[in-house]
Amino acid sequence: GISPWQGLLGNSCPPRKRPLRTFFGVAGKKDATAADPEQSAAGEVTGAPRLKTANKMVPSSSVPASGPTQGLSTRPCGLRDTLVKSLLKQKESSYTHLQNFRFFVGTYNVNGQSPRGSLRPWLSQDGEPPDIYCVGFQELDLSKEAFFFNDTPKEEEWFKAVTESLHPGAKYAKGNKGGVAIRFQFHNSTVCVVNAHLAAHPEEYERRNQEVRDICARMQFHPLEPGCPLLAIKEHDVVLWLGDLNYRLEEQDMERVKKLIQTQDFQALHQHDQLKIQREAKLVFEGFQEGEISFQPTYKYNPGSDDWDDSAECRVPAWCDRILWSGKTVSLLSYQSHMALKNSDHKPVSAIFDVGVKVVDKKSYCKAFEGIVRSLDKMENASIPSVTLSKREFLFKDVKYLQLQVESFTISNGPVPCQFEFISKPNEDAYCKPWLIAKPSKGFLMPDSEVVIALELCVNKSTATALNSGEEKLEDILVLHLDRGKDYFLSVSGNYLPSCFGCPIQTLCYMKEPIREMLPEAIRELTLMPLLTDDAFWEEKPLDVPKELWMMVDLLCRSACHQEGLFQQPGLRPEFEQIRDWLDTGTLDVLGPVASNHSVAEALLLFLESLPEPVVCYKSYRSSLECANSYEMSSQVISMLPKCHQNVFYYLVAFLRELLKHTGKNHLDVNVLGKEIRMRDKATCFRTWSSPVLLGGRDRKNSVLYQYA
């Protein structure tokens, strides 16, 4: 048997769309067993459940990993139980001791190849088997099918290869999860393993930095206990980060690099490593460590050999494949590459760690628990909890579309422990308006402690239209409720700067001036006017298409038709904010060269996504699906759209057809365009892609609209 553990997948997507796989195993060695207690809410100490070692590898779905959380109860808790847990956590050092467990961590970019031969030179390099294997793969399958479906036959091939190459000295319960990260609790320590494949090319180090920050910000885990806040990557005792991180050497000559490798002067070569430079500048992986690199670069080789890349690209060698860690109880034993495996253009890398894991002593745990219960019995009385708020009025100035603003305040507790929560007002479903959120929205405070609450305001596609028209204001009252205590009221207000994002197509066609230069009354009148089938509502003739749409499409037509990865590679947030301000203020006639093609494409998708009425209107959605196989009927559906929507529809489709003329250079095809644009939001933009009339005529194979009906 082995110690109990819990494994959870993160709910964030990897920054790249190539298949990632993380294989995870726990050893069945005798010295890895422990009788760890589980504490129920009533204080009864029971033996923790054990996972039985199987005679062969089994998928994690058949392992009962959802049993009680070790050391603490998983059932819903009241105030007293929450306090007991918090005090037990503070006294953890009195009833646990550190016990070292051996972790094997490996990463391998297999370049879409199938396994050839045994992986034991990589996975079973030492005489002593590890307690836990953490193995991550990148580029498991590079076929087009792998981009559209979760399953791939390559996964089973590598699963089997790993299974057959694990250390013969122990048996392992094993799991295979496709994703970015996995977390588990081992005894009383929490571990998070992240497998990442970051952006390629030497010049993209800033994008790689951003992707790491995005993973850390977006990756959150649902704890097993109900009512507990989501867990971030860095909120674990140990974090192991592995993968093809793709950091290269800074502007190094190929021959000089090869000479330094030949003389094994890796220290001199490592001074030019982008990851080392970025970490020393504290721009990425702050708080993480990496072992000394004493092996030659792991990329790029001619597959099947140890020869450096001699293709037309002739990539400069680099340490793309890396393993980093954070945690106070982690000791690195070895860090190396494995030249014996030759079937990829990368070499696999491994690291072996001794990780100090907090193991619970039953008797000490019972003693600590009983002491806490006795002290609580003395402390509990009829006192009503009260808190002090550092601030009760919050003003958000000049709020812009999709631009986060944050105001904070501190809740300082008195001598009585309390639970707080923002509650909804009478006849309202949520505690705040949809453009606002409080983090955390509820929590527990120990006596004389405090917590900082962040009020985050962000206007998105669901709230922008009403704010543009003035129907909705940035005004709200929050109610902070104390359990067994009184309520506190917080006032939130602000001003929103109108934006073309979130405006109806018809409204924008009648706006000859930038929206920020228009009077609020004029914006309101144009936004609220009914959707017309002709232009008789106004004496002045409207624009054929919104000027903002024309500016973005025109720039992309002129400079991005040959751009590889268009609509697939995300833009940069600062550049999007510049584009938004240019469109809203009209400070430039054209967007200019300061915004990258990818950022302009991202802005275009966000613009279409923000439309309150899609290009193909809601009322036409069902009929457009029913007419998908008929050219004449599809044309009729489009002809029934309001004139401004017809113009935008034809204009955008003409733009996409122009992109498809250059598919040899931009590598776009109807499948990619349909998937990337339609997946933005089914309820907006080209949600109907249903007529073969626009991209491929009667040819169904060439029709994006038909394919994505």
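Structure: above.
Treat the numbers as computed from the prediction; the structure is a model and nothing was measured.

Visitor: Looking at this model, I keep getting lost on the packing of helix α14 (residues 547-559) against helix α16 (residues 597-609). Mind explaining?
Guide: A pair of packed helices is characterised by two quantities: the angle between their axes and the separation of those axes. Closest axis-to-axis distance for the α14/α16 pair is 10 Å, and the angle between their directions is 145°. Crossing geometry of α14 relative to α16 is assigned as left-handed. Across the interface between the two elements, Glu-548, Leu-549, Met-552, Val-553, Leu-555, Leu-556 and Ser-559 from α14 touch Asn-597, Val-600, Ala-601, Ala-603, Leu-604 and Phe-607 from α16. Partitioning the contact of α14 with α16 into residue classes produces ten nonpolar, two polar and one charged.

Visitor: Hey, could you run me through the sheet that holds strand β21 (residues 442-445) in this one?
Guide: Across the sheet, five strands lie side by side as β17-β24-β23-β19-β21; this open sheet has mixed pairing. Each end of this open sheet is capped by a strand with a single partner; those strands are β17 (393-399) and β21. Within the sheet, the average angular offset between the axes of one strand and its neighbour, ignoring direction, is 20°. Two elements, strand β19 (residues 418-423) and β21, share four bridges in a ladder whose sense is antiparallel. Counterpart to Gln-419 in the pairing with β21 is Phe-444. Where helix α1 (residues 79-90) meets the sheet, its contacts fall on β19 and β21, and the angle it forms with β21 comes to roughly 65°.

Visitor: Where do I start with α16 in this structure?
Guide: Owing to its 3.6 residues per turn, the α-helix brings residues three or four apart onto one side. Here α16 contains 13 residues, and its C-alpha end-to-end distance of 18 Å stays within 8% of the 18 Å for a straight helix at 1.5 Å per residue. Of all 13 residues in α16, twelve are buried, a share of seventy percent or more.

Visitor: Help me understand the packing of helix α15 (residues 573-585) against α16, please; the structure alone is not making it clear to me.
Guide: Viewed as axis vectors pointing N to C, α15 and α16 meet at an angle of 60°, and their least axial separation amounts to 9 Å. Relative to α16, α15 is oriented oblique. Crossing hand, α15 versus α16: right-handed. Facing α15, whose interface residues are Glu-575, Phe-576 and Ile-579, α16 presents Ser-599, Val-600, Ala-603 and Leu-606.

Visitor: Looking at this structure, how should I read the packing of aromatic side chains?
Guide: Geometry of an aromatic ring pair is reported as the spacing of the ring centres plus the angle between the planes. For the structure shown, the criterion picks out 22 aromatic pairs. Measuring from centroid to centroid gives 6.4 Å for Phe-266 and Trp-319, while their planes differ by 80°, and the two rings are edge-to-face. Taken together, the positions of Phe-266 in helix α8 (residues 266-270) and Trp-319 in the loop between α9 (274-280) and β13 (321-326) put the pair 53 residues apart, joining distant regions of the chain. Across the pair, exposure class does not vary: Phe-266 and Trp-319 are buried alike.

Visitor: Is there a simple way to explain the pairing of strand β9 (residues 189-197) in this structure?
Guide: Of all nine residues in β9, nine are buried; the element is thus mostly enclosed. With burial as the criterion, each face of β9 is covered, one bearing Ser-189, Val-191, Val-193, Asn-195 and His-197 and the other bearing Thr-190, Cys-192, Val-194 and Ala-196. Pairing of strand β8 (residues 181-186) with β9, which is carried by six bridges, proceeds in the antiparallel orientation. Each bridged residue has a counterpart across the sheet, and for Arg-183 the counterpart in β9 is Cys-192. Summarising the sheet, β9 and strand β12 (residues 238-244) pair through seven bridges and their orientation is parallel. Note that in β12 the partner of Asn-195 across the bridge is Leu-242.

Calculation notes
- Residues numbered from 1 in each chain as written.
- Predicted model: local features only at pLDDT ≥ 70, side-chain atom pairs only at ≥ 80, totals over all residues.
- Heavy atoms only, no water.
- Axes fitted to C-alpha atoms, helices over the stretch in contact; angles between N-to-C directions.
- Helix = DSSP H or I, 4+ residues; strand = E, 2+ residues; numbered from the N terminus.
- Left-handed = near helix turned anticlockwise from the far one by under 90°.
- Contact = heavy atoms within 4.5 Å.
- Nonpolar A, V, L, I, M, F, W, Y, C, P; charged D, E, K, R; others polar.
- Pairing = 2+ DSSP bridges.
- Expected span 1.5 Å × (residues − 1).
- Buried < 20%, exposed > 50% of the residue type's maximum accessible area, 1.4 Å probe, protein only.
- Parallel < 35°, antiparallel > 145°, perpendicular 65-115°, else oblique.
- Phe/Tyr/Trp six-rings, centres within 6.5 Å; stacked < 30°, edge-to-face > 60°.

Fair warning: the whole summary comes from geometry, so function is off the table for now.
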